[in-house]
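Below are the chains, spelled out letter by letter.
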Amino acid sequence: MTLVSTLILAVVGFLAGSLGAVVGLGGGIIIIPVLALYFHLPFPQAIGASLVSVIATSTATSSVHVERHVANMKLGMTLELSTTLGAALAAMVAHSIHRRILGMLFIAFIGYSAFSLLRHMWSARSRETETEVSAYTVRRYPLGLAASFVAGAFSGLLGVGGGLIKVPVMYLFMGVPLRVATATSNFMIGVTAATSAYIYYGRGDIRLEVVVPLVIGVFSGSMLGARLAPRLHAVYVQFLLIGVMIFLAVQMALRIASGGLN
Amino acid sequence: MAYEKFTPENQGSKSTDRWVALILRIGAYGSVALLLIGLLLWAAVSGLLGMRVMRVGVLLLMATPVLRIITLLFLYLHARDWKYALISFTVLLIVIVSSILGIKL
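Residues numbered from 1 in each chain as written. Chains lettered and ligands numbered in written order. Predicted model: local features only at pLDDT ≥ 70, side-chain atom pairs only at ≥ 80, totals over all residues. Heavy atoms only, no water.

Engineer: What exactly am I supposed to notice about the packing of aromatic side chains here?
Structural biologist: Both the distance between ring centres and the angle between the ring planes are used here to describe each pair of aromatic rings. This model, assessed by the stated rule, comprises six aromatic pairs over all chains. When the ring of Phe109 of chain A is compared with that of Phe154 of chain A, the centres are 5.3 Å apart and the planes differ by 35°; the resulting orientation is tilted. Remark: Phe154 of chain A occurs in helix 6 (residues 141–158) and Phe109 of chain A occurs in helix 5 (residues 99–124); sequence separation between them is 45 residues. Here Phe109 of chain A falls in the buried class, since its relative accessible area comes to 6%. Consider the rings of Tyr136 of chain A and Phe6 of chain B, whose centres lie 5.8 Å apart with planes at 35°: the pair is tilted. Of the two residues, Tyr136 of chain A is situated in strand 1 (residues 136–138) and Phe6 of chain B in strand 1 (residues 4–6); the pairing between them involves two chains. Accessibility classification places Tyr136 of chain A together with Phe6 of chain B in one group, the buried group. (Phe/Tyr/Trp six-rings, centres within 6.5 Å; stacked < 30°, edge-to-face > 60°. Helix = DSSP H or I, 4+ residues; strand = E, 2+ residues; numbered from the N terminus. Buried < 20%, exposed > 50% of the residue type's maximum accessible area, 1.4 Å probe, protein only.)

Quick look at the structure:
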């Protein structure tokens, strides 16, 4: 642990956290490839570090959502029945999956995330954002539980939050208003990430010298991002983030092709 | 599971939301404060002491989601909402059992 590497990690966390908060994504999708590619961290350690930063941002932002009564904690707790199972099972099998396959799954996940962002930007042009939440009936619990299981498994396997899987299912299929779906998903992410983080911790894949500066950076970055978001043209930030994601995905593909992923 | 109708009012109660928000806030800000203090101690005073404070901070952060489940379990029990008390208890059980199993495997 050196002072220089500590500072660089804090800056990386800060950038990922602030970009993510403006767009509404966790920083995990940037943090993990950066740690694996440029800090030459073994993939499980990059995932462990990301999981702890995901817990920090989810906890801080959901405290605000809960206080404003936007998150539906009953729905969240119900769906946690399956996110935690998915997260635990995935974290248990993660170390026996070949790093190269994990890397390819991660690239696929970056692709899916970039696609979701683009689609969201496209539909946001016409749709008014909802301000008031009216009464709603939650339907299709089995589907929600299944989607949450998948989201949990992605979280345990790849170290991401999995909001991009849960939010559309809650909003489109379960009848949950978008604002509530986003807040509830965020509320669940802390428990989901913690479940797999314990397993990574037990295996020694949560390294203080990486996690501490990263969490401080991501935490302060996401606070700044959340403050700046209403004042920024989110479209430019979304394009920037999509560009960064595509760049990292290509770099990871090249690294996997040359066999250099730790 | 039956369809469930929610309104902004019955999603939770004001006091439940306040308690949970408080636990989350203490966990998030308290642990990040410990990480900062630990980092400063590590850089300026003593590496060993700094590392210890940082470890406590990371453990507090990782424990916060579970503290949140326990808080909700007690709040649901207090409100005699047996269905959600049982759900909270089951989630708690899954998290504890899987982390013990996962570390041993």
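Alright, that's what it looks like, and here's the rest.
Engineer: Looking at this model, I keep getting lost on the packing of helix 2 (residues 47–78) of chain B against helix 3 (residues 82–104) of chain B. Mind explaining?
Structural biologist: Packed helices, taken two at a time, are described by the angle between their axes plus the distance between the axes. Residues and elements named next belong to chain B. Here helix 2 crosses helix 3 at 155°, and the two axes come no closer than 8 Å. The orientation of helix 2 with respect to helix 3, classified from their angle, is roughly antiparallel. Between helix 2 and helix 3 lies a crossing whose hand is left-handed. Mapping the contact onto sequence places Val66, Ile69, Ile70, Leu72, Leu73, Tyr76 and Leu77 in helix 2 and Trp82, Tyr84, Ala85, Ser88, Phe89, Val91, Leu92 and Val95 in helix 3. Residues belonging to the contact of helix 2 with helix 3 are distributed by class as follows: 14 nonpolar, one polar and no charged. (Axes fitted to C-alpha atoms, helices over the stretch in contact; angles between N-to-C directions. Parallel < 35°, antiparallel > 145°, perpendicular 65-115°, else oblique. Left-handed = near helix turned anticlockwise from the far one by under 90°. Contact = heavy atoms within 4.5 Å. Nonpolar A, V, L, I, M, F, W, Y, C, P; charged D, E, K, R; others polar.)

Engineer: What am I meant to see in the confidence of the model for chain A here?
Structural biologist: Close inspection of predicted coordinates is inappropriate in any region flagged by low pLDDT. Within chain A, residue pLDDT values average 87, and 95% of them lie at 70 or more. Least confident of the elements in chain A is helix 5 of chain A, whose mean pLDDT is 84; most confident is helix 4 (residues 73–94) of chain A, at 94. (pLDDT = per-residue confidence, 0-100.)

Engineer: Got a minute to help me understand the interface of chain B and chain A in this structure?
Structural biologist: Where the parts come together, the accessible area they lose is often given as the size of the interface. Between chain B and chain A, the contact holds 54 residues from the first and 58 residues from the second. Roughly 5,200 Å² of surface becomes buried between chain B and chain A when both sides are summed, with 74% attributable to carbon and sulfur atoms. Area buried by chain B at its contact with chain A is led by Phe6, Gln11 and Met62 of chain B, which between them contribute 14% of it. Between chain B and chain A we count three salt bridges in total. With a closest N to O distance of 3.1 Å, Glu67 of chain A and Arg25 of chain B form a salt bridge. If you look at where chain B meets chain A, you find eight residue pairs in polar contact (both at pLDDT 80 or more). Split by residue class, the side of chain B that touches chain A holds 36 nonpolar, 10 polar and eight charged. Judged from the three bridges that link them, strand 1 of chain A and strand 1 of chain B form a sheet pairing that is antiparallel. (Buried area = accessible area lost by both parts, 1.4 Å probe. Salt bridge = Lys/Arg side-chain N within 4 Å of Asp/Glu carboxyl O. Polar contact = N/O pair within 3.5 Å; in protein donor to acceptor, adjacent residues only side chain to side chain. Pairing = 2+ DSSP bridges.)

Engineer: Just checking my understanding: could you explain the environment of Ala147 of chain A for this structure?
Structural biologist: Residue and element names in this part refer to chain A. Summarising the element assignment, Ala147 is placed in helix 6. A relative accessible area of 12% places Ala147 in the buried class. C-alpha of Ala147 to C-alpha of Val169: the two residues are 22 residues apart in sequence and 7.0 Å apart in space. The contacts of Ala147, once residues within four sequence positions are left out, are Ile165 and Val169.

Engineer: Is there a simple way to think about the packing of helix 7 (residues 163–172) of chain A against helix 8 (residues 178–202) of chain A in this case?
Structural biologist: Residue and element names in this part refer to chain A. Contact geometry for helix 7 and helix 8: axes closest at 9 Å, N-to-C directions at 140°. For the pair helix 7 and helix 8, the sense of crossing is right-handed. Contacts between helix 7 and helix 8 involve Gly163, Lys166, Val167, Met170 and Tyr171 from the former and Leu178, Ala181, Thr182, Thr184, Ser185, Met188 and Ile189 from the latter. Here the contact of helix 7 with helix 8 is built from residues that sort into seven nonpolar, four polar and one charged.

Engineer: Would you mind going over the environment of Ser148 of chain A with me for this structure?
Structural biologist: All names here are of chain A. Within the secondary structure, Ser148 is located in helix 6. Here the alpha-carbon distance between Ser148 and Ser82, two residues 66 residues apart in the chain, equals 5.9 Å. Residue contacts for Ser148: discarding those within four places in its chain leaves Leu79, Ser82, Thr83, Lys166 and Met188.

Engineer: How should I be thinking about the side chain of Gln45 of chain A in this particular structure?
Structural biologist: Counting through the fold element by element, Gln45 of chain A comes out in helix 3 (residues 43–67). Gln45 of chain A gets classed as buried once you look at its relative accessible area, which sits at 12%.

Engineer: When you look at the pattern of salt bridges in this model, what are you seeing that I'm missing?
Structural biologist: In a structure, side chains of opposite charge can pair up when their charged atoms sit close to one another. For the structure shown, the criterion picks out four salt bridges over all chains. For Arg68 of chain B, the salt bridge goes to Glu80 of chain A, with nearest N and O atoms at 2.7 Å. You can see Arg68 of chain B sitting in helix 2 and its partner Glu80 of chain A sitting in helix 4, one on each of two chains. Of the two residues examined, Arg68 of chain B and Glu80 of chain A, each falls in the buried class.

Engineer: For this particular structure, what's the right way to read the nonpolar core?
Structural biologist: A general tendency of soluble globular proteins is for nonpolar side chains to be buried together. Counting 114 residues, the largest nonpolar core has Leu35, Phe43 and Val176 of chain A as its most contacted members. Of the residues forming this core, the biggest block, 13 residues, is contributed by helix 8 of chain A. (Core = buried A, V, L, I, M, F, W, Y, C linked by side-chain atoms within 4.5 Å.)

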